[in-house]
Amino acid sequence: MIPHPPLAPPPAPRPPAPEALPQSPDLLLQFLADRDHPCPGCGYNLRALTVPRCPECNEPLKLQAGLVEPKLAWFIVGVVGLAMGAGFGLLVYGAIFLQSLMRGFGPSMWQGWPILATGVLCGVLTWAWILARRRLNSRPAPLRWGLALLTHVLSVGLAVLCVLFVR
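Residues numbered from 1 in each chain as written. Predicted model: local features only at pLDDT ≥ 70, side-chain atom pairs only at ≥ 80, totals over all residues. Heavy atoms only, no water.

Caption draft 1: The arrangement of the packing of helix H2 (residues 73-103) against helix H3 (residues 113-131) in detail. Here H2 crosses H3 at 155°, and the two axes come no closer than 8 Å. When the axis of H2 is compared with that of H3, the two are roughly antiparallel. H2 and H3 meet at a crossing whose hand is left-handed. Among the residues making up the contact of H2 with H3, the classes are represented as 18 nonpolar, 6 polar and no charged. (Axes fitted to C-alpha atoms, helices over the stretch in contact; angles between N-to-C directions. Helix = DSSP H or I, 4+ residues; strand = E, 2+ residues; numbered from the N terminus. Parallel < 35°, antiparallel > 145°, perpendicular 65-115°, else oblique. Left-handed = near helix turned anticlockwise from the far one by under 90°. Nonpolar A, V, L, I, M, F, W, Y, C, P; charged D, E, K, R; others polar.)

Shown next, in the form of structure tokens:
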């Protein structure tokens, strides 16, 4: 008789998505019954709240858990790298454009289009990076940090392109 491998235990049930959790206004009202807590929208003190809505700004409120210190260093490094590339590219192209205005409109104004295109690309990637933060946060830390450092490589590449172009 051939021994069978042991059966794997069934996977643990996944917790429901935050949107699927039942919202209990009673828990929120109990929490705020004897605590000073500002409204996240307007800053009004919500102590002794009687309905789950801010009396000042009339926004609905919910009780939720949050991280004490979210680890966002990788995200900030990425935003800085991409924004640096966008700012550098647009600044250098702006200088080329102003120089061409002083000399009169001519072909030199359009010779900097690769720098302009890369600066605009970095700006679009900055916006995409900001929008993708939550999705990227669920990825492994080495991948997040690798992508964040890649943003700086892109910005340095833009600077090298500018130096080669300006020569």
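Caption draft 2: Structural detail: the packing of aromatic side chains. This structure, assessed with the given rule, holds 3 aromatic pairs. When the ring centre of Phe75 is taken as reference, the NZ or CZ atom of Arg133 above it lies at 5.8 Å. (Phe/Tyr/Trp six-rings, centres within 6.5 Å; stacked < 30°, edge-to-face > 60°. Lys NZ or Arg CZ within 6 Å of the ring centre and 35° of its normal.)

Caption draft 3: A look at helix H1 (residues 25-32). Within H1 the residues assigned to the buried category are Leu28, Leu29 and Leu32. All buried residues of H1 project into a common sector of 95° when viewed along the axis, lining one side. Opposite its buried face, H1 presents the exposed residues Asp26 and Gln30, each directed more than 90 degrees away. (Buried < 20%, exposed > 50% of the residue type's maximum accessible area, 1.4 Å probe, protein only. Arc of directions from axis to C-beta.)

Caption draft 4: A nonpolar patch on the surface, seen in detail. Where nonpolar side chains cluster on the molecular surface, the patch consists of Leu90, Val120 and Val124 and spans about 240 Å² of accessible area. One can find Val120 in helix H3. The exposure class of Val120 is partly exposed, given its relative accessible area of 42%. (Patch = residues over 30% accessible without salt bridge, like charges linked within 9 Å, V, L, I, M, F, W, Y side chains within 5 Å. Areas by Shrake-Rupley, 256 points an atom, 1.4 Å probe, with all protein chains shown as cover. Salt bridge = Lys/Arg side-chain N within 4 Å of Asp/Glu carboxyl O.)

Caption draft 5: Looking closely at the pattern of salt bridges. Counted according to the given criterion, the structure contains 1 salt bridge. Ionic pairing is found between Arg47 and Asp36, a salt bridge with its closest N-O pair at 2.7 Å. Linking Arg47 in the loop between H1 and H2 with Asp36 in the loop between H1 and H2, this pair joins segments that are 11 residues apart in sequence.

Caption draft 6: Looking closely at the side chain of Ser155. Here Ser155 is to be found in helix H5 (residues 141-166). Residue contacts for Ser155: discarding those within four places in its chain leaves Gly81, Leu82, Met84 and Gly85. (Contact = heavy atoms within 4.5 Å.)

Caption draft 7: Here's a closer look at the state of the cysteines. Counted according to the given criterion, the structure contains 0 disulfides. Free of any disulfide, Cys42 has its nearest neighbouring cysteine sulfur in Cys54, separated by 3.7 Å. Overall, the relative accessible area of 36% leaves Cys42 in the partly exposed class. (Disulfide = S-S within 2.5 Å.)

Caption draft 8: Molecular detail of the environment of Thr118. Mapped onto the fold, Thr118 is located in helix H3. Here Thr118 falls in the buried class, since its relative accessible area comes to 17%. Sequence separation between Thr118 and Leu158 is 40 residues, and the spatial gap between their C-alpha atoms is 6.9 Å. Beyond its immediate sequence surroundings of up to four residues, Thr118 is in contact with Leu158 and Leu161.

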